[in-house]
Amino acid sequence: MIIKRREFLKISSLATASLLMPSFLKSMTLDNALNPNQKILIVLQFTGGNDGLNTIIPTRNDIYFKERNKIAIQNSLALNDETGINPALSYFKELFDGGELSVLNNVGYPNPDKSHFRSMDIWHSASKSDEYLETGWLGRFLDEECYKCEHPTQALEVDDMLSLALKGENNKAFAFKDPKKLYQTSQEKYFKSLYDHDHHHDDETVSYLYQTLGSTINNADYIFEKSKAKKTTQEYPNSKLGKDFKTVSSLIKSDINTQVYYLSIGSFDTHVNQNERQQKLFGEINDAVKSFVADMKSNGLFNDILLMTFSEFGRRVAQNASNGTDHGTANQMFFISGGLKRKGILNALPDLQKLNDGDLIYTEDFRKVYATILKNWLNADSSKVLGWKNGVYDFI
């Protein structure tokens, strides 16, 4: 059979949206309930390079206010005597006060890269700055753990395309925007007719797309059914992120065996008029997280949920001429959970007197954070996944 270009594009529009290897998709048909003792990780990516200095504010640092005389946050919400948080993140302040938020400052890596794409690849793959990997840290977690799991470990990304972070050598996560739309698309007559025929192609790419298409059709119904099994009564914002968190909540409360969820929001590339853009994005994050945490608490699940945020880099210390900031280096990470062992500000604020050509100098390697999550939260062998043998943190 000769496949036409139009048919190829139609197939790839569904198949590549999942980017899931057929063997891994078939594992999702196993109707295994989530282990009640299983911890769940949710990664929220701040795409575009969020400005950390206007997120967690050094309220008593004269250098900060001098270098940012027009964009410095003047009305931050106090976390302690020398630290505030952006007022658009008012719920994060509540979490902090309740012992359900930890902040790790000055996170980065040696020889930082200021390219969005390259730095994001480094964070996704957990590589060195001069090392290029084709697998992600969570994808390698799937490779390491799923072969021996009685109930295969699963990861889901709420997006149209799968991020590098979730691509392993042998296992990949599943990416979808909306369970209902995925199911409806899979049931279209055109796709069903393709799947109902036996297709053999010499072209490896075409063959792979047909295999993935068939597996997606087989499992779209499964994901959709799980997503609506236990509908939430919690109200969520009508924003994109609010809808994404609502989808995650419905799946967590079902019996789908998923341990990792991946979300993103952006863009935080605030070269111009930074405060307005950052405030809008923080408002969306704040409201979505507030609804999600309330939902998890009301269902007795919050102690087993860890929400982690990151961005590919921070911004430069000094503002630019357009009331924004340019690409920088180190940044902070948030950790939200009812099961934190250490709460609050975990380490010192960035040293604004000791810079590298106007940029922050990192003190905490992000791979140590990943190692901590893999070992202490996901109960995995972090050294095999990351090759990291330099210890872990104790906040979880």
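Residues numbered from 1 in each chain as written. Predicted model: local features only at pLDDT ≥ 70, side-chain atom pairs only at ≥ 80, totals over all residues. Heavy atoms only, no water.

With an unreviewed UniProt entry as reference, the protein is termed Twin-arginine translocation pathway signal, source organism Chryseobacterium formosense.

*Asks:* Help me understand empty space enclosed by the protein, please; the structure alone is not making it clear to me.
*Replies:* For the structure on display, the rule yields two cavities of 30 Å³ or more. Of the pockets and cavities examined, the largest cavity occupies roughly 100 Å³. If you trace the largest cavity, you find 17 residues lining it, with Gly52, Leu53, Gln332, Pro350 and Leu360 closest to the centre. Secondary structure elements with two or more residues in the lining of the largest cavity: strand S2 (56-58), strand S5 (101-108) and strand S10 (331-336). If one sorts the elements of the lining of the largest cavity by residue count, S2 sits on top with three residues. When the residues that make up the lining of the largest cavity are grouped by side-chain class, the tally is eight nonpolar, six polar and three charged. Taken together, Phe46, Asn50, Thr309, Phe310, Ser311, Asn331, Gln332 and Phe334 make up the lining of the second largest cavity. When contributions to the lining of the second largest cavity are tallied by element, the ones reaching two or more residues are strand S9 (305-311) and S10. Classifying every residue of the lining of the second largest cavity by side-chain character gives three nonpolar, five polar and no charged. (1 Å grid on protein atoms, 1.4 Å probe; cavity = no way out; pocket = protein on both sides within 12 Å on 5 of 7 lines; lining within 4 Å. Points joined across faces, edges and corners; volume = space filled by probe spheres on them. Helix = DSSP H or I, 4+ residues; strand = E, 2+ residues; numbered from the N terminus. Nonpolar A, V, L, I, M, F, W, Y, C, P; charged D, E, K, R; others polar.)

*Asks:* Help me out: how do you make sense of the environment of Ala165 in this one?
*Replies:* Locating Ala165 in the fold gives a position in the loop between strand S6 (155-158) and strand S7 (174-176). Classification of Ala165 as buried rests on a relative accessible area of 0%. Sequence separation between Ala165 and Gly139 is 26 residues, and the spatial gap between their C-alpha atoms is 6.2 Å. Leaving out residues up to four positions away in the same chain, Ala165 has contacts with His124, Gly136, Trp137, Leu138, Gly139 and Tyr262. (Buried < 20%, exposed > 50% of the residue type's maximum accessible area, 1.4 Å probe, protein only. Contact = heavy atoms within 4.5 Å.)

*Asks:* Please explain the pairing of S10 as it appears in this structure.
*Replies:* As a general feature of sheets, a regular strand has side chains that alternate between the two faces. The buried count for S10 comes to six of six residues, which makes it a mostly enclosed element. Of the two faces of S10, the one carrying Asn331, Met333 and Phe335 and the one carrying Gln332, Phe334 and Ile336 are both buried. Here S5 runs beside S10; their pairing, made up of five bridges, is antiparallel. Following the sheet pairing, Leu101 is matched in S10 by Ile336. Pairing of S9 with S10 involves two bridges; the strand directions are antiparallel. By the bridge assignment for S10, Met308 is matched with Phe335. (Pairing = 2+ DSSP bridges.)

*Asks:* What should I look at first to understand the packing of aromatic side chains in this one?
*Replies:* The relation between two aromatic rings is expressed through the spacing of the ring centres and the mutual angle of the planes. On inspection of all chains with the given rule, the structure shows 14 aromatic pairs. On the basis of an interplanar angle of 70° and a centroid distance of 5.3 Å, the ring pair of Phe92 and Phe334 is categorised as edge-to-face. Of the two residues, Phe92 is situated in helix H4 (residues 90-97) and Phe334 in strand S10; the sequence distance between them amounts to 242 residues. Of the residues examined, Phe92 reaches a relative accessible area of 1% and is grouped as buried. According to the relative accessible area criterion, Phe334 is buried, its value standing at 1%. (Phe/Tyr/Trp six-rings, centres within 6.5 Å; stacked < 30°, edge-to-face > 60°.)

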